[in-house]
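Spelled out from the first residue to the last, the chains are:
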Amino acid sequence: MLWRALLGRFGISVVTLWVVSVLIFIGTNLLPGDVAQIILGQMATPDSTAALRAKLGLDKPPYLQYVVWLQNVAMGDLGISKAGLGAGLGTPIVEMLGPRVYNTARLTILVGAIAIPISLFLGLIAAMHPGTKLDRSITFATLNLISVPDFLVATILVLIFAVSLGWLPSIVYLRGDETGWVLVKTLAMPILTLTILVSSQIIRMTRATVLNVMSSPYIEMAILKGVPRKKIILRHALFNAVGPIVNVIALNLAWLVGGVVVVEQIFSYPGLAKLMIEAVQMRDMPLVQACAMIFCATYIVLIFIADMATILSNPRLRHPK
């Protein structure tokens, strides 16, 4: 049954990725403007524009463009930059994505390494002491942080740590050779902002899920037998609450890869989300499509991993009647 569930989830993921690729291709082609005119600029004439469109393959029917693009993506060829972003016109997109993927992955790993342990700890502490001042304080703080938009959190942190105190830089400037304390200080502002935003959601989900499991009959029986609440939560309730917790962690990690557009713009962080915004502004459609596929593939892979963790942690899903 486990292999059947694994193959079923894998098939759904592949179909979802294909549907997303269709939507991405259609959406990018509906954007206004002409990349050929953007490239030629003031030198654009009807003849030169038509010639450049033919050279770039933009004169072919949309379905043929999609088939060619999908075949290239499946073989790992993301195409060539058409609008001259970064190193210039004709630069392979893979080369342009390399540094941005590294920066985004580094930020995601650092934020995840800080936010996930802290969030699980605070969520479990709140669940162990429901109704107390500690629980109400954690719940009040996380509810307020979830309600605050990311740009406001970033702005407040800039005003405090960069403007008032002068401890941290308000803009991330990476030369590529930063190490140790210099790297920590450079990345501190976006890491702190994203840790606050991500932690609040994971804390609330951890607390709510554990408390929901605590209302189960077998938990109530353990309480009646005198088993300490801490032992019940850590040894019994937590394992049955793994599914929803892992899912919210996966969604937040995927958001860190592609959904932090505002944070990257505020701190000028050279990540994938910022690159995609620049590509949209220049109407560099192959680059937009490549970034969008990376974001969607990240979501699908992380959700697939979360589903597998849920199945493995729950015997009722591994052996359904």
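The shown structure was predicted, so the numbers you read here are calculated from the model rather than taken from an experiment.

Chemist: How should the side chain of S200 be read in this particular structure?
Modeler: Within the secondary structure, S200 sits in helix 8 (residues 180-214). Here L197 takes part through its backbone oxygen, which lies 3.0 Å from a polar atom of the side chain of S200. Setting aside residues no more than four positions away along its own chain, S200 makes contact with T142, L145 and I146.

Chemist: Sorry if this is basic, but what is going on with the pattern of salt bridges here?
Modeler: Opposite charge on two side chains makes pairing possible when the charged atoms of those side chains draw close. Overall, the coordinates contain three salt bridges when judged by the stated rule. A salt bridge links R100 to E278, with the nearest nitrogen and oxygen atoms 3.5 Å apart. Linking R100 in helix 5 (residues 93-128) with E278 in helix 13 (residues 272-282), this pair joins segments that are 178 residues apart in sequence. In this structure, R207 and D135 form a salt bridge, with 2.6 Å as the shortest nitrogen-oxygen distance. Of the two residues, R207 sits in helix 8 while D135 sits in helix 6 (residues 133-147), which places them 72 residues apart along the sequence. The partly exposed category is assigned to R207, whose relative accessible area is 22%. Looking at D135, the relative accessible area reads 3%, which means it is buried.

Chemist: Mind showing me how you'd approach the packing of helix 8 against helix 10 (residues 229-240) here?
Modeler: Working note: a packed helix pair is described by the angle between its axes plus the distance between those axes. Running from amino to carboxyl end, helix 8 crosses helix 10 at an angle of 100°, the nearest separation of the two axes being 9 Å. In terms of orientation, helix 8 lies roughly perpendicular with respect to helix 10. From helix 8, V210, L211, V213 and M214 reach across to helix 10, where they touch R229, I232, I233, A237 and N240. By residue class, the composition of the contact of helix 8 with helix 10 is seven nonpolar, one polar and one charged.

Chemist: What is the right way to look at unusual backbone geometry in this model?
Modeler: Excluding glycine, residues mostly carry a negative phi; peptide bonds, for their part, are mostly trans. At S268, a position not held by glycine, the phi torsion is positive, near 55°. Mapping S268 onto the fold places it in the loop between helix 12 (261-267) and helix 13.

Chemist: Hey, could you run me through the packing of aromatic side chains in this one?
Modeler: Two aromatic rings, taken as a pair, are described by how far apart their centres are and by the angle between their planes. Here the structure, examined in full by the defined rule, presents three aromatic pairs. Considering the side-chain rings of F25 and Y66, the 5.4 Å spacing of their centres and the 65° angle between planes classify their relative orientation as edge-to-face. In this pair, F25 is assigned in helix 1 (residues 2-29) and Y66 in helix 4 (residues 62-74), connecting sequence segments 41 residues apart. As far as burial versus exposure is concerned, F25 and Y66 are alike and both buried. Look at F161 and W167: their rings are 6.3 Å apart centre to centre, the planes differ by 45°, and that puts the pair in the tilted class. Residue classification places W167 among the exposed residues on the basis of a relative accessible area of 53%.

Chemist: What am I meant to see in the environment of T108 here?
Modeler: Within the fold, T108 resides in helix 5. Separated by 145 residues in sequence, T108 and L253 place their C-alpha atoms 6.8 Å apart. In this structure, T108 is in contact with L253, L256 and V257, ignoring residues within four places of it in sequence. From its side chain, T108 meets the backbone oxygen of T104 in a polar contact 2.8 Å long.

Chemist: Would you mind going over the nonpolar core with me for this structure?
Modeler: Across soluble globular proteins, nonpolar side chains show a tendency to be buried alongside one another. Grouped together as the largest cluster of nonpolar side chains are 39 residues, with contacts concentrated most on V111, L194, V210, M214 and F267. It is helix 8 that contributes the most residues to this core, twelve residues altogether. Of all hydrophobic cores here, the second largest spans 22 residues; its members include L78, L97, L275 and C291.

Chemist: Sorry, what's going on with helix 11 (residues 242-258) here?
Modeler: In an α-helix, one turn spans 3.6 residues, which is why side chains three or four residues apart end up on the same side. Taking 1.5 Å per residue as the helical rise, helix 11 with its 17 residues ought to reach 24 Å, and the 25 Å between its terminal C-alpha atoms agrees with that figure. Taken together, the buried positions of helix 11 are occupied by G243, I245, V248, I249, A250, N252, A254, L256, V257 and G258.

Chemist: Explanation requested: the environment of S137 in the structure shown.
Modeler: Among the secondary structure elements, S137 is positioned in helix 6. Judged by relative accessible area, S137 falls into the partly exposed class, the value being 45%. Taking the C-alpha atoms as reference points, S137 and A126, separated by eleven residues in sequence, lie 9.0 Å from one another.

Cut-offs and rules
- Residues numbered from 1 in each chain as written.
- Predicted model: local features only at pLDDT ≥ 70, side-chain atom pairs only at ≥ 80, totals over all residues.
- Heavy atoms only, no water.
- Helix = DSSP H or I, 4+ residues; strand = E, 2+ residues; numbered from the N terminus.
- Polar contact = N/O pair within 3.5 Å; in protein donor to acceptor, adjacent residues only side chain to side chain.
- Contact = heavy atoms within 4.5 Å.
- Salt bridge = Lys/Arg side-chain N within 4 Å of Asp/Glu carboxyl O.
- Buried < 20%, exposed > 50% of the residue type's maximum accessible area, 1.4 Å probe, protein only.
- Axes fitted to C-alpha atoms, helices over the stretch in contact; angles between N-to-C directions.
- Parallel < 35°, antiparallel > 145°, perpendicular 65-115°, else oblique.
- Nonpolar A, V, L, I, M, F, W, Y, C, P; charged D, E, K, R; others polar.
- Phe/Tyr/Trp six-rings, centres within 6.5 Å; stacked < 30°, edge-to-face > 60°.
- Core = buried A, V, L, I, M, F, W, Y, C linked by side-chain atoms within 4.5 Å.
- Expected span 1.5 Å × (residues − 1).

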